[in-house]
Amino acid sequence: PNDKDKADGLAKPSIWKVSVDGKHFARVTDPLPNPNNITCTTDAQCVKPMTCILSLKRCAPKHFTIGLSAPTWSADNKTIWTALSQTWTSGSSIAGGAVLASVPATGGALQTYYQGNTGCALTIYPAAHPKEGSIAAIHSVCSGGVPGLYKYGMPPTAKPARMFSSSTVGVEQGPVAWMPDGSVIYFSASAMWDLDNDGTAETQGSGI
C-alpha cells in the first residue's frame, strides 16, 4: 500500500488486477473514503455510540472496519462486482452490514447499491450471470427479511427476486457460481436432522 491507501491513518481495502504470471499489478478501485470525518481529541466530542479513536483523532464506532469481498467479473468483462462491508461493535453485538458495489474494470470510484427494502443486513458473495445482465447474491443476518439466495436485475436497485430459501435447508455464507451457460447456479447449503428421534435436530450436513 502507498500513502493514498493509508489516508486518514486507516488502511483502505482495494481491488487489484494481477496478470496470470503474477508480474503486473493494476489497482482498480480508488481509495475508499473514511466515512467517519468528525475530528476529536476526547470521547465527549463524539455523538454516542461513537468514541474518539485517538490514533486517528476521529470519531468512529468502536472497532470500525471497512472491507471489500468476493470480487467477480461481469459477463462482458467491463465491470467488477463486489460486496462493500462496514461493521463495528455495539455493546456486545456486531453492527453494520454489506451491500453490492461495482467498479469499472478499467479503474475508478466504487459505486454502491443500497438495498434498504430486503430486511437483511448482509448482501454478499455476488455472482454475475455469464450471459444476461443480472447478479445473484446471498442475503443473511435478516430481521425483517428472509435469508437465502436472491437475483438482482441491472442495475441492482429494485427489490430482488428470491431464487432459493427453505425452512429446512439453510443457505450458507460462501461463494456462489453459475454454470457457463447460466442454466445452473451453485451455492453452499446446510441442513439439520434428528438422528435419534428425540425431537431435536443435532446433526448438520453441508454441501454444494
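Explain the pattern of salt bridges to me, please; I cannot follow it from the model alone.
For side chains bearing opposite charge, pairing can occur when the charged atoms are close. On inspection of all chains with the given rule, the structure shows one salt bridge. The closest approach of N and O atoms between lysine 151 and glutamate 132, which form a salt bridge, is 2.9 Å. Linking lysine 151 in strand S11 (residues 148-152) with glutamate 132 in the loop between strand S9 (120-128) and strand S10 (135-142), this pair joins segments that are 19 residues apart in sequence. The class for lysine 151 is partly exposed, based on a relative accessible area of 27%.

Help me understand the confidence of the model for the protein chain in this model?
If pLDDT is low for a region, its predicted coordinates should not be looked at in detail. Model confidence for the protein chain is summarised by a mean pLDDT of 84, while 88% of its residues fall at 70 or above. The secondary structure element of the protein chain with the lowest average pLDDT is strand S17 (residues 203-207), at 51, and the one with the highest is strand S14 (residues 177-178), at 94. The low-confidence segment residues 1-7 (pLDDT under 50) makes seven contacts with residues lying over four places distant or belonging to another chain.

Even after reading the chapter, I still don't get the nonpolar core, so can you show me in this structure?
Nonpolar side chains in soluble globular proteins tend to end up buried together. In this structure, Ile124, Ile138, Leu149, Val176, Ile185 and Phe187 are the most contacted members of the largest nonpolar core, which totals 14 residues. Those elements giving two or more residues to this core turn out to be S9 and S10. Tallying contributions element by element places S9 first for this core, with three residues. Those residues in contact with isoleucine 124, other than ones at most four positions away along the chain, are Ala83, Ala98, Ala137, Ile138, Ser140 and Gln173.

What exactly am I supposed to notice about the environment of serine 165 here?
Looking at the secondary structure, you find serine 165 in the loop between strand S12 (161-164) and strand S13 (169-171). Separated by 18 residues in sequence, serine 165 and proline 147 place their C-alpha atoms 6.8 Å apart. Once you skip the residues sitting within four places of it in the chain, serine 165 turns out to touch Val146 and Pro147.

Mind showing me how you'd approach the pairing of strand S5 (residues 65-73) here?
Where S5 meets strand S6 (residues 79-90), seven bridges bridge the pair, whose relative direction is antiparallel. Residue pairing in the sheet places leucine 68 in a bridge with leucine 84 of S6. If you look at the hairpin formed by S5 and S6, you'll find five residues sitting between the two strands, and asparagine 77 has a positive phi there, around 65 degrees.

Can you walk me through the packing of aromatic side chains in this structure?
Two aromatic rings are characterised by how far apart their centres lie and by the angle between their planes. Per the counting criterion, the structure on display carries two aromatic pairs. Measuring from ring centre to ring centre gives 5.4 Å for tryptophan 81 and tyrosine 113, while their planes differ by 35 degrees; the resulting arrangement is tilted. Taken together, the residues tryptophan 81 in strand S6 and tyrosine 113 in strand S8 (residues 111-113) connect sequence positions 32 residues apart. Across this residue pair, the class does not change: tryptophan 81 and tyrosine 113 are buried.

Conventions used here
- The numbering scheme is per chain: residues are counted from 1 as the chain's sequence reads.
- Local features in this predicted model are restricted to residues whose pLDDT is 70 or higher, and side-chain atom pairs enter the listing and the counts only when it is 80 or higher, whereas totals over whole chains, interfaces and linings include all residues.
- To get the side-chain values, take all heavy atoms of the structure and skip hydrogens and water.
- By salt bridge we mean one thing: a side-chain nitrogen of Lys or Arg within 4 Å of a carboxyl oxygen of Asp or Glu.
- Counting from the N terminus, the helices are DSSP H or I runs at least four residues long and the strands are E runs at least two residues long.
- Using a 1.4 Å probe on the protein chains alone, a residue whose accessible area is under 20% of its type maximum counts as buried, one over 50% counts as exposed, and one in between counts as partly exposed.
- Along the chain, pLDDT gives the predictor's confidence residue by residue, from 0 to 100.
- Contacts are assigned to residue pairs that have any heavy atoms within 4.5 Å of one another.
- As used here, the term nonpolar core means buried Ala, Val, Leu, Ile, Met, Phe, Trp, Tyr and Cys residues forming a set that is joined through side-chain atoms within 4.5 Å.
- By this definition, two strands are paired if DSSP reports at least two bridges between them.
- Classification of ring pairs rests on two measures: the distance between centres of Phe, Tyr or Trp rings, Trp counted by its six-membered ring, which must be within 6.5 Å, and the angle between planes, read as stacked under 30 degrees, edge-to-face over 60 and tilted in between.

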